[in-house]
Amino acid sequence: MGMSDVEVEVHDQLTNLKRELKAVDMSKVVLIRCESYEYDTVKTSIERGISLLGGISLFAKKGENILLKPNILVGDTPEKCVTTNPAVFKAVIEILISA
């Protein structure tokens, strides 16, 4: 026995709703190669990644207060790669300030 027109319509709407909900649950991830920790290279890479995610306006609004927390495992030099590199932290701060 087949479905009525109303049942087909409801089924189609539910199927579409499930697709939309599934898409909302998916996190976007961007991987950008950055060849060095030279500040301009880092900032350009971060800006490109944010752009691919939909732009900074999805993450920050003008006048909004934001707390950035770097990863700090031990007090060591940036070359040891045990903390957030200062070039990355500075670039993110400047991008957020300009948002």
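Residues numbered from 1 in each chain as written. Predicted model: local features only at pLDDT ≥ 70, side-chain atom pairs only at ≥ 80, totals over all residues. Heavy atoms only, no water.

Considering the overall build of the chain
Part 1: Check the secondary structure of the chain and you find 3 helices and 0 strands.
Part 2: The order of helices and strands in the chain, counted from the N terminus, is α-α-α.
Part 3: In terms of C-alpha radius of gyration, the chain reaches 22 Å, well past the compact-globule figure of 13 Å for 99 residues.
Part 4: Its C-alpha atoms put the chain at 70 × 30 × 25 Å along the principal axes.
Part 5: Taken over 99 residues, the chain has a buried fraction of 12%.
Part 6: The contacts in the chain between residues at least 6 apart in sequence include a share of 48% that link residues at least 24 apart.
Part 7: Summing over all exposed atoms, the chain offers an accessible surface of approximately 8,300 Å²; the carbon and sulfur share of this is 59%. (Helix = DSSP H or I, 4+ residues; strand = E, 2+ residues; numbered from the N terminus. Rg over C-alpha atoms; globule rule 2.2 N^0.38 Å. Buried < 20%, exposed > 50% of the residue type's maximum accessible area, 1.4 Å probe, protein only. Contact = heavy atoms within 4.5 Å. Areas by Shrake-Rupley, 256 points an atom, 1.4 Å probe, with all protein chains shown as cover.)

Describing a nonpolar patch on the surface
Part 1: On the surface, Val6, Val10, Leu14 and Leu17 cluster together into a nonpolar patch covering about 350 Å² of accessible area.
Part 2: Assignment of secondary structure puts Leu14 in helix 1 (residues 5-25). (Patch = residues over 30% accessible without salt bridge, like charges linked within 9 Å, V, L, I, M, F, W, Y side chains within 5 Å. Salt bridge = Lys/Arg side-chain N within 4 Å of Asp/Glu carboxyl O.)

A few points about the nonpolar core
Part 1: Grouped together as the largest cluster of nonpolar side chains are 7 residues: Tyr39, Val42, Ile46, Ile50, Ala87, Ala91 and Ile95.
Part 2: Those elements that place two or more of their residues in this core are helix 2 (39-53) and helix 3 (86-97).
Part 3: It is helix 2 that provides the largest number of residues to this core, a total of 4 residues.
Part 4: When near neighbours in sequence (up to four residues on either side) are disregarded, Ile95 contacts Lys43, Ile46, Glu47, Ile50 and Ile56. (Core = buried A, V, L, I, M, F, W, Y, C linked by side-chain atoms within 4.5 Å.)

Re the side chain of Ser45
Part 1: Counting through the fold element by element, Ser45 comes out in helix 2.
Part 2: Aside from chain neighbours lying at most four places away, what touches Ser45 is Ile32, Arg33 and Cys34.

Comments concerning the state of the cysteines
Throughout this description, disulfide means a covalent bond between two cysteine sulfur atoms.
Part 1: Inspection of the entire model under this criterion finds 0 disulfides.
Part 2: In this model Cys34 remains outside any disulfide bridge; the closest cysteine sulfur is found in Cys81, 12 Å from its own.
Part 3: The exposed category is assigned to Cys81, whose relative accessible area is 53%. (Disulfide = S-S within 2.5 Å.)

Observations concerning the pattern of salt bridges
Part 1: Inspection of every chain in the model, using the stated rule, returns 2 salt bridges.
Part 2: A salt bridge links Arg33 to Glu35; its shortest N-O distance comes to 3.9 Å. The same class applies to Arg33 and to Glu35, which are both exposed.
Part 3: Two residues, Glu94 and Lys43, come together in a salt bridge whose shortest N-O distance is 3.4 Å. Placement of Glu94 in helix 3 and of Lys43 in helix 2 is noted, with a sequence separation of 51 residues between them.

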